[in-house]
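# Structure at a glance
Listed here are the chains, written in short residue letters.
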Amino acid sequence: AGKGKGPQRKALSLERTKGSEILFGVAPCWLALAQARRALFRLFLKQSGGPGRPVRAELALQAAALGLPVLHVPGRELELLCRGRPHQGVCLEAAPLPFRSLRDAEEPQLRDGQSRSRQLLWLVLEHIQDPMNLGALLRSAYFLGVDRVVASLSNSCPLTPIVSKASAGVMEVLDVYGTDDLQGFLKAKSAEGWEVVGTVSRPGDVEGVPVISCSEFRWDKPVIVAIGSEGEGLSLETQLQCQRMLAIPPGRALHPGIDSLNVSVAAGILLHSICSQRRNGD
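Each value, and the rule that gives it
Residues numbered from 1 in each chain as written. Predicted model: local features only at pLDDT ≥ 70, side-chain atom pairs only at ≥ 80, totals over all residues. Heavy atoms only, no water. Helix = DSSP H or I, 4+ residues; strand = E, 2+ residues; numbered from the N terminus. Buried < 20%, exposed > 50% of the residue type's maximum accessible area, 1.4 Å probe, protein only. Contact = heavy atoms within 4.5 Å. Areas by Shrake-Rupley, 256 points an atom, 1.4 Å probe, with all protein chains shown as cover. Polar contact = N/O pair within 3.5 Å; in protein donor to acceptor, adjacent residues only side chain to side chain. Pairing = 2+ DSSP bridges. Arc of directions from axis to C-beta. Phe/Tyr/Trp six-rings, centres within 6.5 Å; stacked < 30°, edge-to-face > 60°.

## Some words on the overall build of the protein
- The number of helices and strands found in the protein is 12 helices and 12 strands.
- Across the 282 residues in the protein, those meeting the buried criterion constitute 45%.
- The long-range share in the protein, meaning contacts at least 24 apart out of those at least 6 apart in sequence, stands at 86%.
- Counting only carbon and sulfur atoms, one obtains 52% of the accessible surface of the protein, whose full area is about 14300 Å².

Written as structure tokens, this is what we have:
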């Protein structure tokens, strides 16, 4: 370890429970403590006063109720723990949150009434690699009332602390399922009577799958909305499992080289377009 000041200053960030990670920010830490869905080890709070002090006091009480050690540390220790990310005076050492297995998933349409099953909406994410986008997608999905989120396990971002922060802590509340056979999953849901719709940025992308404007889509059966990766969109294999593709019509003639929206923004628009029909009744 050495005897200099530097190694001693870094001791906090290095003495970690094996396999743990550091959540940062008020919302992820607050909701991780409240949900207790993962193993929690230590709460780190900035020791000085300031505007966030009452919130930090609440977090300390929450942690104490769970029997967690609470360490009050200088701001520089928090910077080291979360590698300079926006921690808002709070870090939480915790076990990683894995994707849930679809094998463990309850089937909500089996226990809910007929009209409710018609109004089920699931979001499928294929190869989303940017943690900021994944967090924003989860935040929108939760807010707009998506019943389940399913992600491809291959070529996808794991459920990291950065995702949790970008989701404003939604990742700590919403179950996110993972599958290594996305096409098989979509095929099975189609056979059960679900409508599987994909998304395209440029109409005419897909041979043999009709493309409609999201405003034309009518939600009259359980629906899965499939969103593809930031650069490539949905893979051809997944597109071929879709009954229709939804497009967002642009509000102007687009400059050459600008042809699409950020994936999380596009998903928010599409989901809102569909979810607004839920309030209109059956």
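## Comments concerning unusual backbone geometry
- Phi at N155 takes a positive value of approximately 55 degrees, unusual for a residue other than glycine.
- As for its position among the elements, N155 is in the loop between β7 (148-152) and α9 (161-166).
- Here N155 falls in the exposed class, since its relative accessible area comes to 51%.
- For A168, which is not glycine, the phi torsion reads 55 degrees and is therefore positive.
- Summarising the element assignment, A168 is placed in the loop between α9 and β8 (176-179).

## So, the side chain of S273
- If you trace the backbone, S273 turns up in helix α12 (residues 263-275).
- A polar side-chain atom of S273 sits 3.2 Å from the main-chain carbonyl oxygen of C214.
- Residue contacts for S273: discarding those within four places in its chain leaves C214 and S215.

## Digging into the pairing of strand β12 (residues 244-247)
- Bridge count for strand β9 (residues 195-200) against β12 is four bridges, and the pairing is parallel. The residue of β12 that forms the bridge with V197 is R244.
- Bridge count for strand β10 (residues 211-213) against β12 is three bridges, and the pairing is parallel. Considered in β12, the bridge of V211 is made with M245.

## Side note on helix α3 (residues 26-35)
- Those residues of α3 that fall on the buried side of the exposure criterion are P28, C29, A32 and L33. Along the long axis of α3, the arc covered by the buried residues comes to 125 degrees, so they all point the same way.
- Among the structural elements, β1 (21-24), β2 (40-46), α4 (53-65), β4 (90-94) and α9 are those in contact with the buried residues of α3.
- After α3 finishes, the residue A36 shows a positive phi value of roughly 50 degrees.

## Structural notes on the packing of aromatic side chains
- As enumerated under the stated definition, the model contains two aromatic pairs in all.
- The interplanar angle of 0 degrees and the centroid separation of 6.2 Å between the aromatic rings of W122 and F185 together place this pair among those described as stacked. Here W122 is found in strand β6 (residues 121-125), whereas its partner F185 is found in helix α10 (residues 182-191), with 63 residues between them in sequence.
- When the centroid spacing of 4.5 Å and the interplanar angle of 50 degrees are considered together, the rings of W122 and W194 count as tilted. Here the residue W122 occupies a position in strand β6, and W194 occupies one in the loop between α10 and β9, the gap between them amounting to 72 residues. For the pair shown, W122 and W194 are each scored as buried.
- Among the aromatic side chains, those forming a connected cluster through ring pairs are W122, F185 and W194.

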